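Overview (structure and organization)
Next come the chains, spelled out residue by residue.
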Amino acid sequence: ASHQQALSINPDYAEAHANLGNALKELGRLEDAVASYRKAIVLDPNLAGAHTNLGLVLQDQGRLEDAASSHQRALALEPDFVEAHSNLGIVLNRLGRFDEALEHYREALRINPEFGEVHYNLGNALKDTGRLDEAVASYRKALTLDPTFTDAHSNLLFSAQHQKDITLKSLNDMHADWDESFAYPLRKEWSEHKNQRDLEKRLRIGFVSPDFGFHPVGYLLVGLLENKLQDEVEFICYSDRKPDEMTERLKQAADGWIDIYGMVDETLIERLRSDGIDILFDLTGHTSKNRLLVFAHKPAPVQVSWGVGYPGTTGLKAIDYLLADNYHVPKSEDHLYSEQIIRLPDSMFCYNPPHVSPTVGPLPAEQNGFITFGSFNRPAKINDDVMAVWIKILESVPGSRLLLKYSGIGDHSARRRLFPLLEAHGLDTSRLMLEGKSPHQDLLARYNEIDIALDTFPYSGGLTTCEALWMGVPVITLSGKTPAGRHALSYISTVGLSKFVARDVSHYVNLAVELAKAPSQIADLRSELRRRFTNSPLCDGPRFARHFADEMRKVWHVWCQGGAS
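All values derive from a computational prediction rather than experimental measurement.

The subject of this paragraph is the side chain of His286. Counting through the fold element by element, His286 comes out in the loop between strand S4 (279-282) and helix H15 (292-295). Of the residues examined, His286 reaches a relative accessible area of 0% and is grouped as buried. Polar side-chain contacts of His286 include one of 2.8 Å to the side chain of Ser154. Residue contacts for His286: discarding those within four places in its chain leaves Ser154, Asn155, Leu157, Phe158, His175, Trp178, Leu292, Tyr310 and Thr314.

With that out of the way, let us pick up the pairing of strand S9 (residues 401-405). Counting buried positions along S9 yields four of five residues, so the element is predominantly enclosed. Taken together, strand S8 (residues 372-375), helix H17 (residues 384-396) and S9 form a β-α-β motif whose crossover is right-handed. As defined by bridge partners, S9 adjoins strand S10 (residues 432-435) across four bridges and the pair is classed as parallel. Residue pairing across strands places Lys405 opposite Glu435, the latter belonging to S10.

What follows deals with the sheet that holds S10. Read from one edge of the open sheet, six strands run S10-S9-S8-S11-S12-S13, paired in parallel fashion. Each edge of the open sheet is held by one strand with a lone partner, namely S10 and strand S13 (501-502).

A separate point is the layout of surface pockets. Taking a probe equal in size to a water molecule and rolling it over the atoms shows the remaining empty space. By volume, the second largest pocket amounts to about 330 Å³. In terms of lining, the second largest pocket is formed by 16 residues, of which the most central are Lys164, Phe457, Pro458, Leu478 and Lys481. Class assignment for the residues of the lining of the second largest pocket results in four nonpolar, six polar and six charged.

How each quantity is defined
Residues numbered from 1 in each chain as written. Predicted model: local features only at pLDDT ≥ 70, side-chain atom pairs only at ≥ 80, totals over all residues. Heavy atoms only, no water. Helix = DSSP H or I, 4+ residues; strand = E, 2+ residues; numbered from the N terminus. Buried < 20%, exposed > 50% of the residue type's maximum accessible area, 1.4 Å probe, protein only. Polar contact = N/O pair within 3.5 Å; in protein donor to acceptor, adjacent residues only side chain to side chain. Contact = heavy atoms within 4.5 Å. Right-handed = clockwise from strand over helix to strand, strands pointing away. Pairing = 2+ DSSP bridges. 1 Å grid on protein atoms, 1.4 Å probe; cavity = no way out; pocket = protein on both sides within 12 Å on 5 of 7 lines; lining within 4 Å. Points joined across faces, edges and corners; volume = space filled by probe spheres on them. Nonpolar A, V, L, I, M, F, W, Y, C, P; charged D, E, K, R; others polar.

Right, here's the structure in full:
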């Protein structure tokens, strides 16, 4: 209102238009913010801050190339503009142009070595390129500069999930430290819940996430929403993202849809309370744009974490339950979690295959004359130990190839990291194929060039495993020691292919090599796997919805019969 008053006095006040854009951005009114920034730039093209702030809004709208151009214009005006370097790095990182992103982060730190947010952003780029030790060092530096930097601490926890020597106990201890530092102090702000303690009421179940769209959360949630037991539950989604086609599908399936983009935590807490949510789900954990501090205020009487977006514990004492299955969390490990464990009888996920997807093609080896292994997992999951095992498989299967595909994995930094590992074993680098991001249909189609998929460890493939199986490609996995290492175990076992779950590294290599020697067996699997997958509990939406509703009723009964608010 103050900026608008200033503009009513002087409509050509460029700085006021730029500052109005900042306020509109914080309110989530992105198109209005863009208009204000553009007006400011027309009036004064030399406002570097307006250019980079415009870039921030364009980022949020998913217009990444336009955002990059805006940040570059800011830097052309002010080459030492630290925030513009950092903002451009974020865009380039999202575009998979990791080398360029790293250059801008390092330039920002040259200008201001004590800028904690840049150390944090640098850590993100290093993590995304698989350089975990360096990423962890960057997050720790950011926390040294600002001990209250909750996102840096969360990303430190997420990175720890990928580290090869991590144990379940150390993970849960680290998460408990986050709770002790940031969440537990908010317990004094808890207030009594007014929800009616009616055992058989229709339950109002809320889901909070920035990932309701083309994201694993969207693919693994839509089957539940579209098959919900309407008389027993109603689902309210609190969405913090720019919508896409999957967002619209989820929105149609939900009973209520609240756009919380730009909504501050305090407002969201009050909204959740006023909406009378009985059971509130966190689907984000310690990943980007999480709202864990909202959950720390305990806005709902029963709160649950579900690993569709983050594996394992969040560490928050304010979260009562962790939704899992017997594969992700065996009963012998219950004591290592701050939450009580809810176990669904099959997998804890329900996969909804794409409505339109490529048909499963013939076995590539029949035409190629050699076996092609593949993995479409994030580079952060492909550590040197994983590569060493995959190289051993390539050595044991003459003429075989390995195709790795993910956003940024075709970048020079990935080549510099991975190709020397092959060369050290005397393997020609032509046997390793690196491909970057592509449209989803094209990515699925690339499975028609893969004979056998190789899972990563200690962080295994989630949605990636489902997509490989859907496209008729068997997956070799190594059962891990943490929930992050057991995604593929859960999926593969639920489909009835537990014979492809390895006990240890040598067994993993042996499974891959022996399967590669039996192309007729792979071809038979390929021809039947989609049907088998479709008919398994993993794709049975009504069955999953029934089990989900039953478990929610149980935890609701616990609260009604005296569970603490």
